[in-house]
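The chain contents come next:
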Amino acid sequence: MSIKKTTIVGTSFPRVESRSKVTGAAQYVDDMQFGPNLLYGLLKRSERPHALITRLDVSKAQALPGVRVIVTGNDFPGLTGLYLSDRPMFAVDRVRFVGEPIAGVAAETQEIAEQAAKLIEVEYEDLPGVFDPEFGASPDAPLLHPDLITYKYAPFIFPQEGTNVSNWFKVRKGNVDEAFAEVEAAGGIVFEHKYRVPHVQHVPLETHATVAQMDGNGKITLWASSQSPFAQRNLIAKALDLGHSRLRVITPYVGGGFGAKAGVSMEGACVGMAMRSKGRPVKLVMTREEEFYTTFVRQGLVAIVKLGMLPDGRILAMKNTYYWDGGAYTEYGVNITRAAGYSSTGPYYVPNVWADSKCVYTNHPIGGAMRGFGMPEIHWAIEQHVDRAARQLGLDPVQVRLLNCIKEGQETVTGMIMHPTGLSQCIQKAADAIGWGKPRPASGPHKVRGMGIGCMWKAPAMPPNPGSAATIRFNEDGTALVNVGGVDMGQGTLTIAAQLAAEGLGLPISDVRVNTVDTDYSPYEWQTVASRLTWSMGNAILNAAQEAKVQILDMVAEAWSENPQDLDIIEGQVVSYATEESIPLKNIVIYGMQRPDGTWIGGPVVGKGRFMPQYVTPLNAETGQGPRAVVHFTTGAQAVEVEVDTETGEVSVLRMVAAFDVGKAINPDMVRTQMEGGAVQGLSTALLEELKLVKGKPLNPNFTDYRIATTIDAPPLIESIIVEVPQDDGPYGARGIGEHAMVPTAPAIANAVTDAVGVWIDQMPISAQRVWEAMNEER
């Protein structure tokens, strides 16, 4: 693939919004001022994991001075959901998880709202619960959604009537039984094991925050800390039976999301309260405790992996079953199940595959998108399993990965032909950089060192047709204003948009501004998820820049009586390669140009661009096979060195190397920071994080009892290696890299622990207690 030489793309510019953030000038939703009429919202929540609501009485709360509005599920009974509409804004008749909203209160002060919530009387009739997805998928489990099959759902989601399985993605490829027999006959290894992944929280620095207000014409404005302003508008409008033009979503800066702020969680409740507040704005901000279990969590997983590996290391067959703990409502989680299905073998060429990926309702918090969208969870199992097989056959795990990793032209698990990929390079570079096979001495007595590696793949998990749009218009001084619908939540979207627009237009990056999102004025963007913005929104920006550039060059060519092919825009000047004439954009992009006869041409330049993939095909519901399941895969590998204290079981990660094929690094330093951030968040989930739930009740919804990694836990050295094998439809060949470094971290650490002390840890997190107990069992 030929890539045009660039001057701005490929350069590590500082983030365009950095000054406002480091000086504290950047405004987030909770910083915004709405005057003395602001009402404070609060949600009355369920204390039961599964129960019928037998009595709900809000009269005492309603009578409390200062209370202005109380709404319940009877006021807004509509369901919402991105892929499966199963979720009410407020519980109606039945609660399905601890923390489910039952009523909303809007009052003059936060204190009055809290008093009112305590006065709302709720009586329950407890129902049996489901707290394990494997049990939940069995015929013995109580049904949590008896009306499941009547819900609206996307055509690629397959709910199972009369069960708790809200989606079942199947892969049937080749013949696994014959392949396992062939492996055994050849002296290879066939074995099966079960792995577990707990719920974890995204813990963004800024919790969910919204303000909603309805004006005198019935139009509602929602200010939201959101990854999905357009999706929120769509979902809330449908659930409340509003016209889309009646709902406007404004998203200022967002203080982190990691998937937690994708789709809709509490925003609809705020809109509902505002609709009853007679024009007064209502603010609803989640406390840190609420953030832990009432917004999205990462789904739990029980993974049963069976693998057949020949004596020379070739993987001949896999049979994998994934039971996803989707929680009380699986409106978003069903697509995680799907992504796990079409990625079910990990980044390997496996000719015989049987995979079942099932999304199961439980009475746990609602599972949703989280950085990696199911890939960290399945790779936790797959990457350990491959290591186990290699070691049992006496083979080098790195060489086994190089032998089996998916390569250009091979069939993926769903039958798609793999595009060019640098996965082999990533594996080799990561192994070389960590010093694979060259162990270093431990730091002291009772300390043992080990190395581990893991690799990964991930496609943008989305419907087949998510669209992006962009507009570019010029100002009188020749600077450009870029409007997009993508959200910058710390990952650098605004900077990438500015770089692509500047490169496409021929402007210095200092002459480009990018707006934050307002659904009334910004062009459409599906969502800021799936590491898709650089690729999808980036293509839309380049198309808009090209349209604007054509307008400018055609105008100048006519005025100068030249061929447009002889003209270009360089550093804000139109230049002619034929006559060496030039003219600054500021002279022409608003007022046009004067012809020799004195008349004018041109006018305000506005470029419009859009992008939507048009080549993703449906997959067979029974086999999971089809020509093209996804747009592309980003691939990579990570290697780690750990030191284990054999007296305490404590694991210290000393070094990490991350190598990923990003196609083209638009901003190399920002790519490296994504790799480092993902690796550290992956380390955090690997060693520390677990939302502890007992009968659906969270035990550690706070930073005292739920630890996340800090600088103390991060390794002293993280090396990030950029591999660039261009993507044919990426802007300048780029693919996304926002999530991927999180995926192989945990299994790489687990494999390093095994290398150090010889024990396998099949359940996250790899706590000191688990390692110590495993070592004692081996002694």
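Located above this text is the structure these notes cover.
Residues numbered from 1 in each chain as written. Predicted model: local features only at pLDDT ≥ 70, side-chain atom pairs only at ≥ 80, totals over all residues. Heavy atoms only, no water.

Chemist: Give me the overall build of the protein chain: which residues, what numbers.
Modeler: The secondary structure content of the protein chain amounts to 17 helices and 35 strands. The C-alpha atoms of the protein chain give a radius of gyration of 27 Å, which matches the 28 Å a tight globule of 779 residues would have. Based on the C-alpha atoms only, the size of the protein chain along its principal axes is roughly 95 × 70 × 55 Å. Relative to its 779 residues, the protein chain shows a buried fraction of 63%. Of all intrachain contacts in the protein chain linking residues separated by at least 6 positions in sequence, the fraction that spans at least 24 positions is 79%. For the protein chain, the computed accessible surface area is about 28300 Å², with 50% contributed by carbon and sulfur atoms. Each charge sign in the protein chain was given a centre, from 68 positive and 85 negative side chains, and these centres are 2 Å apart. (Helix = DSSP H or I, 4+ residues; strand = E, 2+ residues; numbered from the N terminus. Rg over C-alpha atoms; globule rule 2.2 N^0.38 Å. Buried < 20%, exposed > 50% of the residue type's maximum accessible area, 1.4 Å probe, protein only. Contact = heavy atoms within 4.5 Å. Areas by Shrake-Rupley, 256 points an atom, 1.4 Å probe, with all protein chains shown as cover. Lys, Arg positive; Asp, Glu negative; His and termini not counted. Charge placed at Lys NZ, Arg CZ, Asp CG, Glu CD.)

Chemist: Quick rundown of the sheet that holds strand β31 (residues 634-645)? Include the residues and the values.
Modeler: With mixed pairing, the four strands of this open sheet are ordered in space as β20-β31-β32-β35. The sheet terminates laterally at β20 (447-458) and β35 (717-723), the two strands that pair on one side only. Ignoring which end each strand starts from, the neighbouring axes of this sheet average 15° apart. Here seven bridges tie strand β32 (residues 651-661) to β35, and the two strands are oriented parallel to one another. Bridged to Phe660 within β35 is Ile722. Where helix α16 (residues 745-757) meets the sheet, it contacts β20, β31 and β32, and its direction lies at approximately 150° from that of β20. (Pairing = 2+ DSSP bridges. Axes fitted to C-alpha atoms, helices over the stretch in contact; angles between N-to-C directions.)

Chemist: Mind laying out the pattern of salt bridges, listing which residues take part and the relevant values?
Modeler: When charged atoms on two side chains of opposite charge get close, those side chains can pair. Counted according to the given criterion, the structure contains 41 salt bridges. In this structure, the salt-bridge partner of Glu206 is Lys261, at a minimum N-O distance of 3.2 Å. Here the residue Glu206 occupies a position in the loop between β10 (189-197) and β11 (209-214), and Lys261 occupies one in the loop between β13 (247-251) and α7 (267-275), the gap between them amounting to 55 residues. Lys261 shares its class with Glu206; the two are buried. Residue Lys692 pairs with Glu690 through a salt bridge whose shortest N-O separation is 3.4 Å. Using a relative accessible area of 42% as the deciding quantity, one classes Lys692 as partly exposed. The class for Glu690 is buried, based on a relative accessible area of 18%. Linked by salt bridges that have partners in common, Arg55, Asp57, Lys60, Glu121 and Glu123 make up one network. (Salt bridge = Lys/Arg side-chain N within 4 Å of Asp/Glu carboxyl O.)

Chemist: Explain the environment of Tyr329 residue by residue, including any values.
Modeler: Looking at the secondary structure, you find Tyr329 in the loop between β17 (315-327) and α9 (333-342). In sequence terms Tyr329 and Thr623 are 294 residues apart; their C-alpha atoms lie 26 Å from each other. Polar contacts involving the side chain of Tyr329 include one to the side chain of Arg96, which spans 3.2 Å. (Polar contact = N/O pair within 3.5 Å; in protein donor to acceptor, adjacent residues only side chain to side chain.)

Chemist: Describe the environment of Thr23, with residues and values.
Modeler: Here Thr23 is to be found in the loop between α1 (18-22) and β1 (39-45). Separated by 620 residues in the primary sequence, Thr23 and Glu643 place their C-alpha atoms 39 Å from one another. Polar contacts involving the side chain of Thr23 include one to the main-chain carbonyl oxygen of Arg19, which spans 2.7 Å.

Chemist: Quick one: what's the story with the packing of helix α10 (residues 375-392) against α16, residue by residue and with numbers?
Modeler: Contact geometry for α10 and α16: axes closest at 8 Å, N-to-C directions at 30°. Relative to α16, the element α10 lies roughly parallel. Between α10 and α16 lies a crossing of right-handed hand. The residues of α16 that touch α10, namely those facing His379, Trp380, Glu383, Gln384, Asp387 and Arg391, are Ala746, Pro747, Ala750, Asn751 and Asp755. Counted by class, the contact of α10 with α16 contains four nonpolar, three polar and four charged residues. (Parallel < 35°, antiparallel > 145°, perpendicular 65-115°, else oblique. Left-handed = near helix turned anticlockwise from the far one by under 90°. Nonpolar A, V, L, I, M, F, W, Y, C, P; charged D, E, K, R; others polar.)

Chemist: Which residues make up helix α3 (residues 110-119), and what values do they have?
Modeler: The set of residues buried in α3 consists of Ile112, Ala113, Ala116 and Ala117. Buried positions in α3, seen along its axis, are confined to an arc of 140° and lie on one side of it. Where α3 is buried, its residues touch β1, α2 (59-63), β3 (67-72) and β7 (101-107). (Arc of directions from axis to C-beta.)

Chemist: A description of the environment of Ala231 should follow, citing residues and the corresponding values.
Modeler: When you line up the elements, Ala231 lands in helix α6 (residues 229-239). Residues Ala231 and Gln527, 296 residues apart in the sequence, show an inter-C-alpha distance of 6.6 Å. Each residue touching Ala231, except ones within four places of it in the same chain, is listed here: Leu82, Trp526 and Gln527.

Chemist: A description of the packing of aromatic side chains should follow, citing residues and the corresponding values.
Modeler: Applying the stated criterion to the full structure yields 13 aromatic pairs. Ring centres of Phe169 and Tyr342 lie 6.5 Å apart, and the angle between their planes is 80°; on these two criteria the pair is classed as edge-to-face. Placement of the pair is Phe169 in strand β9 (residues 165-173) and Tyr342 in helix α9, with a sequence separation of 173 residues. The pair formed by Phe169 and Tyr342 is uniform in burial state, with each residue classed as buried. A cation sits over an aromatic face here: Lys170 above Trp168, 4.4 Å from the ring centre. A cation over an aromatic ring shows up here: Arg338 above the ring of Phe156, its NZ or CZ 4.2 Å from the ring centre. (Phe/Tyr/Trp six-rings, centres within 6.5 Å; stacked < 30°, edge-to-face > 60°. Lys NZ or Arg CZ within 6 Å of the ring centre and 35° of its normal.)

Chemist: Please give an account of the side chain of Glu206 that cites residues and values.
Modeler: Accessibility expressed as a relative area gives 12% for Glu206, which makes it buried. In terms of polar contacts, Glu206 uses its side chain to reach the backbone amide nitrogen of Gly255, at 2.7 Å. Aside from chain neighbours lying at most four places away, what touches Glu206 is Tyr28, Val29, Ser225, Tyr253, Val254, Gly255, Gly256 and Lys261.

Chemist: Give a description of the sheet that holds strand β27 (residues 582-584) that names residues and reports values.
Modeler: One open sheet accounts for three strands, arranged β25-β26-β27; its pairing is antiparallel. Both edges of this open sheet fall to β25 (567-570) and β27, since each of them pairs with a single strand only. The sheet shows a mean angle of 20° between the axes of neighbouring strands, direction not considered. Relative to β27, strand β26 (residues 573-576) runs antiparallel, the two sharing three bridges. Across the sheet, Gln573 pairs through a bridge with Pro584, a residue of β27. Helix α14 (residues 533-560) rests against β25, β26 and β27 of the sheet, and its axis sits at about 125° to β25.

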